[in-house]
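# Commentary on secondary and tertiary structure
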Amino acid sequence: DVKVTQSSRYLVKRTGEKVFLECVQDMDHENMFWYRQDPGLGLRLIYFSYDVKMKEKGDIPEGYSVSREKKERFSLILESASTNQTSMYLCASSRGGRHVNYGYTFGSGTRLTVV
Amino acid sequence: DAKTTQPPSMDCAEGRAANLPCNHSTISGNEYVYWYRQIHSQGPQYIIHGLKNNETNEMASLIITEDRKSSTLILPHATLRDTAVYYCIVERGNTGKLIFGQGTTLQVKP
């Protein structure tokens, strides 16, 4: 069964900490995505990547960065965590490069709380 | 960007067909319509997608109008486990990016 695995289901961090959220997929997918999901706001795209070492900003990249050194791994980095980054973070992957016509596979999410 | 409009909530009786509508009047000719669902506390799950022809798979059917301005997701025999938020999404201009709206909360009732 194909999988997108997020390293932590729940995470609690302090304000100002540097936080790494890890995502690994075993499907040899080219595309990987990071979303955050908040009540009333739905899923919002933070960053995405079409290939190794490539990254592009989504709709809400401020306060985040990403790293994709290997095809299967896409990391989301909160340089200095703030309370307004408390959220559910969802990673997804898909086939197809830039012109994707295939569905996404999502991970189970990481619920991050910044205190 | 093509936007989608869905009713915020719907009810369906268990065993009956659930028909979830979506309007996407600004869709472009090369943009696909995708449907996902999200069961509480899980990541969204892919259901089906289409361009202009009707599509069917083991989960659902997708009916797209001829002018492509709207579509309907059909769950032929809804079960209690189909209770979820259903998202209708138009792929943003062949970029591979899916932009999620608020979705429809489907409540399947016994």
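The sections below set out a description of the structure shown in this document. (Residues numbered from 1 in each chain as written. Chains lettered and ligands numbered in written order. Predicted model: local features only at pLDDT ≥ 70, side-chain atom pairs only at ≥ 80, totals over all residues. Heavy atoms only, no water.)

### Observations concerning the sheet that holds strand β7 (residues 70-75) of chain B
Residues and elements named next belong to chain B. Judged by pairing direction, the sheet is antiparallel, and its four strands sit side by side in the order β2-β7-β6-β5 without closing on themselves. Since the sheet does not close on itself, it has two edges, and those belong to β2 (18-23) and β5 (55-56), each with one partner. The pairing of β5 with strand β6 (residues 61-64) spans two bridges and is classified as antiparallel. If you follow E55 over to β6, its bridge partner there is L62. (Pairing = 2+ DSSP bridges. Helix = DSSP H or I, 4+ residues; strand = E, 2+ residues; numbered from the N terminus.)

### Considering the environment of V115 of chain A
Residue and element names in this part refer to chain A. You can see V115 is positioned in the segment after β12 (110-114). The sequence separation of V115 and T86 amounts to 29 residues, and the corresponding C-alpha distance is 8.4 Å. Beyond its immediate stretch of four places on either side in the chain, V115 contacts V12, K13, R14 and T15. (Contact = heavy atoms within 4.5 Å.)

### Some points on the environment of S8 of chain A
Residue and element names in this part refer to chain A. In this structure, S8 sits in the loop between β1 (4-6) and β2 (10-13). Linking S8 and E22, residues 14 residues apart in sequence, is a C-alpha distance of 7.9 Å. Once residues within four sequence positions are removed from consideration, S8 is found in contact with G109 and T110.

### Side note on the packing of aromatic side chains
Each pair of aromatic rings is reported with the distance of its centres and the angle of its planes. Counted according to the given criterion, the structure contains 15 aromatic pairs over all chains. Centroid distance F33 of chain A to Y104 of chain A: 4.3 Å. Interplanar angle 20 degrees. Geometry classified as stacked. Of this pair, F33 of chain A sits in strand β5 (residues 31-38) while Y104 of chain A sits in the loop between β10 (87-94) and β11 (105-106); the two residues are 71 residues apart in sequence, bridging distant segments of the chain. On the basis of relative accessibility, which here comes to 0%, the residue F33 of chain A falls in the buried class. Note on Y104 of chain A: relative accessible area 2%, which makes it buried. A network of ring pairs unites the aromatic residues F33, Y35, F48, Y50, Y104 and F106 of chain A together with Y34, Y36, Y46, Y87 and F100 of chain B as a single cluster. The residue whose ring lies beneath R9 of chain A is Y10 of chain A, and the NZ or CZ to ring-centre distance is 5.8 Å. (Phe/Tyr/Trp six-rings, centres within 6.5 Å; stacked < 30°, edge-to-face > 60°. Buried < 20%, exposed > 50% of the residue type's maximum accessible area, 1.4 Å probe, protein only. Lys NZ or Arg CZ within 6 Å of the ring centre and 35° of its normal.)

### Some thoughts on the pairing of strand β4 (residues 45-50) of chain B
Residue and element names in this part refer to chain B. Both strand β3 (residues 33-38) and β4 contribute to a ladder of five bridges, which runs antiparallel. Its bridge partner being in β4, Y36 is matched across the sheet by Y46. Between the end of β3 and the start of β4, which pair antiparallel, lie six residues, with S41 showing a positive phi angle near 70 degrees.

### A look at the state of the cysteines
Residue and element names in this part refer to chain B. Tallying each qualifying case throughout the model produces two disulfides over all chains. Between the sulfur atoms of C22 and its disulfide mate C88 the distance is 2.1 Å. Sign of the S-S torsion, about -80 degrees for the bond between C22 and C88, identifies this disulfide as left-handed. Of this pair, C22 sits in strand β2 while C88 is found in strand β8 (residues 84-90), placing the two residues 66 residues apart along the sequence. Left without a disulfide partner, C12 is nearest to the cysteine sulfur of C22, which lies 18 Å away. Taking relative accessible area as the criterion, C12 reaches 8% and is therefore assigned buried. (Disulfide = S-S within 2.5 Å.)

### Quick look at the sheet that holds β8 of chain B
All names here are of chain B. Strand order across the open sheet formed by five strands is β1-β9-β8-β3-β4, with mixed pairing between neighbours. Two strands close off the open sheet at either side, each with one partner strand: β1 (9-13) and β4. For this sheet, the mean angle separating the axes of adjacent strands, direction not counted, is 25 degrees. Bridge analysis of β8 against strand β9 (residues 104-109) gives three bridges, and the strand direction is antiparallel. The residue of β9 that forms the bridge with V85 is T105. (Axes fitted to C-alpha atoms, helices over the stretch in contact; angles between N-to-C directions.)

### Some words on unusual backbone geometry
All names here are of chain A. In the Ramachandran plot, D28 falls in the positive-phi region, its phi being about 60 degrees despite a non-glycine side chain. Of note, D28 is situated in the loop between β4 (23-25) and β5. One non-glycine residue, K53, lies in positive phi territory at about 65 degrees. When you line up the elements, K53 lands in the loop between β6 (42-49) and β7 (56-57).

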